[in-house]
Amino acid sequence: MFSKINLVLDSLKRVTPHQAFYIFKNKVLKLHYSGINNLRDLKLIDSNLDRFKETSKLCLILGDVDIFRYGTEDNRFNSDYKCDLREKLDAIKSEGNSSSIAALWRETENFEMNNNFQRFYLFKEVADDLKFDNQLKVNLILEWIKFSPPKPNISWNAFNCSVRLINWVKILISVSDDYEISKEDFYTISNSIYKHIQIIRQNIEYHIPGNHVLIQYFSIFFTLTLFDNWDFSEKLNEIFEKNFIEEFEKEFPNRQFHFEHSSHYHIQIILIGIYYYIISKKKMGKIPANIVKERLLDISELMTFFKIGDDRLVMLGDNCYPFFHDSLKNDYQNVFALFKYLEFDLNNSTNKVIIRDPYIFCAKGNSKLIYDVGLIGLEQNPGHGHADIQSVIFSDNDKPIFIDPGTRNYSNKKDDIHVKKTISHNTLSIDGEDQALNWGFFRWAYLPTRPVFKIEDFNDSLVIKSSFHGFKHLGGITHSRNIELMEGKLSITDSVPNLIDKNVELNFILNPEIICKTDDNCMIFNLNDLKWKLEVGSAIPHRFNISEISIYPEYDFPVHSNKVQILFESFTGDFHSQINFQRIL
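Residues numbered from 1 in each chain as written. Predicted model: local features only at pLDDT ≥ 70, side-chain atom pairs only at ≥ 80, totals over all residues. Heavy atoms only, no water.

A. Local environment of the overall build of the protein chain. Assigned secondary structure in the protein chain consists of 19 helices and 19 strands. Looking at the protein chain residue by residue over its 585 residues, the buried ones come to 58%. Look at the contacts in the protein chain between residues 6 or more apart in sequence, and 71% of them connect residues 24 or more apart. Split by element, the accessible area of the protein chain, about 23,700 Å² in all, is 49% carbon and sulfur. (Helix = DSSP H or I, 4+ residues; strand = E, 2+ residues; numbered from the N terminus. Buried < 20%, exposed > 50% of the residue type's maximum accessible area, 1.4 Å probe, protein only. Contact = heavy atoms within 4.5 Å. Areas by Shrake-Rupley, 256 points an atom, 1.4 Å probe, with all protein chains shown as cover.)

B. Focus on the pairing of strand β16 (residues 522-527). Buried residues dominate β16, accounting for 5 of its 6 residues. Across 5 bridges, the pairing between strand β15 (residues 515-519) and β16 is antiparallel. Paired with K517 across the strands is I524, a residue of β16. Between the end of β15 and the start of β16, which pair antiparallel, lie 2 residues, with D520 showing a positive phi angle near 55 degrees. (Pairing = 2+ DSSP bridges.)

C. Structural detail: a nonpolar patch on the surface. On the surface, a cluster of nonpolar side chains totalling about 200 Å² of accessible area is made up of V353, I355 and F453. When you line up the elements, I355 lands in strand β3 (residues 351-356). Overall, the relative accessible area of 38% leaves I355 in the partly exposed class. (Patch = residues over 30% accessible without salt bridge, like charges linked within 9 Å, V, L, I, M, F, W, Y side chains within 5 Å. Salt bridge = Lys/Arg side-chain N within 4 Å of Asp/Glu carboxyl O.)

D. Focus on unusual backbone geometry. In the segment running from D357 into P358, the intervening peptide bond is cis, with an omega of 10 degrees. Examined against the element boundaries, P358 turns out to sit in the loop between β3 and β4 (359-364). The backbone of H261 shows a phi angle near 55 degrees, a positive value even though the residue is not glycine. Summarising the element assignment, H261 is placed in the loop between α14 (233-250) and α15 (263-282).

E. Region of the structure containing the packing of aromatic side chains. One pass over the structure, following the stated rule, counts 31 aromatic pairs. Residues F218 and F222 carry aromatic rings whose centres are separated by 5.5 Å and whose planes lie at 25 degrees to one another, so their mutual orientation is stacked. Placement of both F218 and F222 in helix α13 (residues 211-226) is noted, with a separation of 4 residues, approximately one turn of the helix. Geometrically, the ring pair formed by F248 and F252 is tilted, given 5.4 Å between the ring centres and 55 degrees between the ring planes. For F252, a relative accessible area of 0% translates into the label buried. If you follow K420 out to its NZ or CZ, it ends over the ring of F441, 4.1 Å from the centre. Directly above the aromatic system of W439 lies the positively charged group of R443, at a separation of 6.0 Å from the ring centroid. (Phe/Tyr/Trp six-rings, centres within 6.5 Å; stacked < 30°, edge-to-face > 60°. Lys NZ or Arg CZ within 6 Å of the ring centre and 35° of its normal.)

F. Local environment of the sheet that holds β4. If you walk across this open sheet you meet the 5 strands as β3-β4-β5-β6-β7, and the pairing is antiparallel. The open sheet terminates on both sides in strands that have one partner only, identified here as β3 and β7 (399-402). Strand-to-strand, the axes of this sheet are offset by a mean angle of 15 degrees, without reference to chain direction. Bridge count for strand β5 (residues 367-372) against strand β6 (residues 392-396) is 5 bridges, and the pairing is antiparallel. (Axes fitted to C-alpha atoms, helices over the stretch in contact; angles between N-to-C directions.)

G. Quick look at the packing of α15 against helix α16 (residues 290-300). Where α15 contacts α16, the two axes come as close as 10 Å, and the packing angle between them is 150 degrees. As summarised for this structure, α15 and α16 are arranged roughly antiparallel, according to the angle between their axes. Crossing geometry of α15 relative to α16 is assigned as left-handed. Two secondary-structure elements touch here, α15 through H266, I270, G273, I274, Y276 and Y277 and α16 through V292, K293, L296, I299 and S300. Each residue belonging to the contact of α15 with α16 can be placed in one class, and the counts come to 7 nonpolar, 3 polar and 1 charged. (Parallel < 35°, antiparallel > 145°, perpendicular 65-115°, else oblique. Left-handed = near helix turned anticlockwise from the far one by under 90°. Nonpolar A, V, L, I, M, F, W, Y, C, P; charged D, E, K, R; others polar.)

H. Structural view of the nonpolar core. Membership of the largest hydrophobic core comes to 106 residues, with the highest contact counts inside it found for F218, F306 and F361. Here the element with the most residues in this core is α15; it accounts for 12 residues. Residue contacts for F361: discarding those within four places in its chain leaves F257, L302, F305, F306, L316, K352, V353, I354, R356, L369 and I370. If you look at the next biggest cluster of nonpolar residues, it comprises 50 residues, including W444, L462, L534 and F581. (Core = buried A, V, L, I, M, F, W, Y, C linked by side-chain atoms within 4.5 Å.)

I. Structural context of the side chain of N409. The residue N409 is located in the loop between β7 and α19 (414-418) in this model. On the basis of relative accessible area, N409 is assigned to the buried category, the value being 11%. Within polar-contact distance, the side chain of N409 engages the side chain of D556 at 3.4 Å. (Polar contact = N/O pair within 3.5 Å; in protein donor to acceptor, adjacent residues only side chain to side chain.)

J. Representation of the pattern of salt bridges. Inspection of every chain in the model, using the stated rule, returns 16 salt bridges. When the shortest N-O distance is used, the salt bridge between D431 and K502 registers 3.7 Å. Here D431, found in the loop between β8 (428-430) and β9 (437-440), pairs with K502, found in strand β14 (residues 489-509); they are 71 residues apart in sequence, far enough to count as distant. Taking the relative accessible area as the measure of exposure, D431 reaches 34% and is therefore partly exposed. A relative accessible area of 22% means that K502 is categorised as partly exposed. Of the charged contacts, one joins R583 and E487 as a salt bridge, the two residues approaching to 3.2 Å between their closest N and O atoms. One end of the pair, R583, is in strand β19 (residues 557-583); the other, E487, is in the loop between β13 (477-486) and β14, and 96 residues separate them in sequence. Taken together, the shared-partner salt bridges in this structure form one network comprising D396, E487 and R583.

K. Region of the structure containing the environment of E205. For E205, the location among the structural elements is in the loop between α12 (183-202) and α13. Judged by relative accessible area, E205 falls into the buried class, the value being 11%. For the pair E205 and A158, spaced 47 residues apart in sequence, the C-alpha to C-alpha distance is 7.1 Å. At 2.6 Å, the side chain of E205 and the side chain of Q216 are in polar contact.

L. Examining α16 more closely. All buried positions along α16 are accounted for by V292, K293, R295, L296, I299 and S300. What you see down the axis of α16 is that its buried residues fit within an arc of 165 degrees, all on one side. Lining the buried residues of α16 we find α14, α15 and α17 (303-306). (Arc of directions from axis to C-beta.)

In structure tokens, the structure reads:
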């Protein structure tokens with residue numbers, strides 16, 4: 001219906017001039033690879049291993065604050081990626097030679113797997129599990145350096161360089177004190193670390209604002225804190241520490257939700273902020289910028305709403321591999337464990353309303369609601385956004401009821417894009433179409449207007465009234481939704497004017513532990529000894545449909561669940577319906 005040129009222009013009109021310049025640089029001029037093979041080496045720079053070990057223990061206090069420590073739970077990393085990685089590293093341990101390590105770095109058919117190998121993701125943790133000796137750990141780095149000279153490919157982009165630097169430091173610090181890395185080997189590693197820093201600083205990914213930029217700033221600050229005896233370390237570190245503080249503030253505008261509208265990235269960036277704060281405070285007694293601590297106090301409060309069950313986190317927007325632990329749950333727990341270094345604590349409230357763009361987080365008694373009243377992702381870069389405006393996430397008695405589907409994979413495959421669609425969220429869809437036009441996993445065009453809403457908070461109930469104009473690729477449709485939240489009860493009223501022969505679907509993605517069935521003109525939901533009833537208060541003919549859906553409580557880790565649809569077919573006129581969902585046992 002729309003040409004590719006129109007879609008590109010629609011995206012470009014939203015970007016800032018700064019972002020546009022770096023899109024042009026990255027996509028057209030390719031200047032970000034200039035000089036990649038002509039970096040000066042470190043022959044005149046002191047790469048002192050003893051100084052590195054001394055500084056790393058002072059700044060990272062790894063055992064004290066549990067930074068970068070992984071759990072051993074049986075999740076996707078054990079069943080898929082980590083299993084494959086463990087198998088390869090186990091073979092290396094058995095053979096114990098350089099050729100077996102080098103084989104690991106050759107191209108594999110699995111693009112994403114090789115991408116993660118190139119980052120050194122989880123290498124330290126798996127090597128620890130396999131009880132690698134000190135020399136094998138060092139050889140993992142040395143053989144990668146030999147096999148992967150700087151060149152313009154995915155393993156040398158700024159993001160992968162940043163993650164790899166952090167993981168190399170983890171490996172180096174894990175080498176026993178009684179094992180002496182040779183001066184030649186440490187020089188080789190230091191030289192490569194320098195090249196990583198140069199490539200990152202020359203290629204900060206300003207064209208995709210968000211977590212990539214922040215972790216690139218952090219990796220330079222983090223690494224140069226450890227190599228503080230290099231002649232340029234202090235000056236360059238000051239520059240990137242300043243950049244980090246400014247970017248951290250920018251990613252939580254007006255102390256809001258993280259601007260990529262993702263609970264995953266909200267947690268990841270909070271962790272990076274806490275790590276920065278602790279490292280800065282430990283570094284020669286330096287007092288870190290108060291603005292980071294103040295922002296952390298504000299943005300961490302939302303995390304009390306992320307836990308919507310005994311062992312489940314809400315998956316708002318895109319999620320991905322955790323940066324630091326082997327599951328988002330462990331990242332979440334690490335944040336709360338580290339709060340003591342910020343000298344504050346967070347407590348859940350049974351009667352609370354927090355408005356943080358794009359969500360309203362609220363609770364009445366033991367019933368929690370997260371309601372989307374924002375745009376689809378960041379306006380100038382909505383890639384991580386889902387078409388979920390006016391979607392509800394609801395839990396009752398610490399039991400998740402209506403949930404988000406999570407993220408399967410970052411690709412344009414049908415199943416990967418499906419979880420970003422409107423029909424995969426707890427909102428209203430028209431003819432199965434999305435609220436905006438999706439033309440690729442990170443591509444949304446013809447974005448809806450920002451919802452207008454107001455809140456009325458009473459002693460025993462909370463009322464939210466909201467409306468937005470979207471579905472512009474269908475000619476434009478306005479959807480109004482009123483929410484009433486009470487202890488044990490949720491009412492949803494939807495209105496759409498001037499429909500002509502349209503199918504209207506009300507979608508609800510269920511916690512996989514819930515058993516549901518139809519019963520006359522209602523639905524019954526059971527979870528252990530709890531029971532809820534859903535009734536439709538509308539004279540418009542409708543029917544219930546229960547279908548299977550895959551949800552992803554962790555990135556690319558499918559779990560089977562059910563989706564309930566209330567279908568109003570071939571409707572013409574002003575649409576109006578009310579849904580009442582109430583605990584009955």
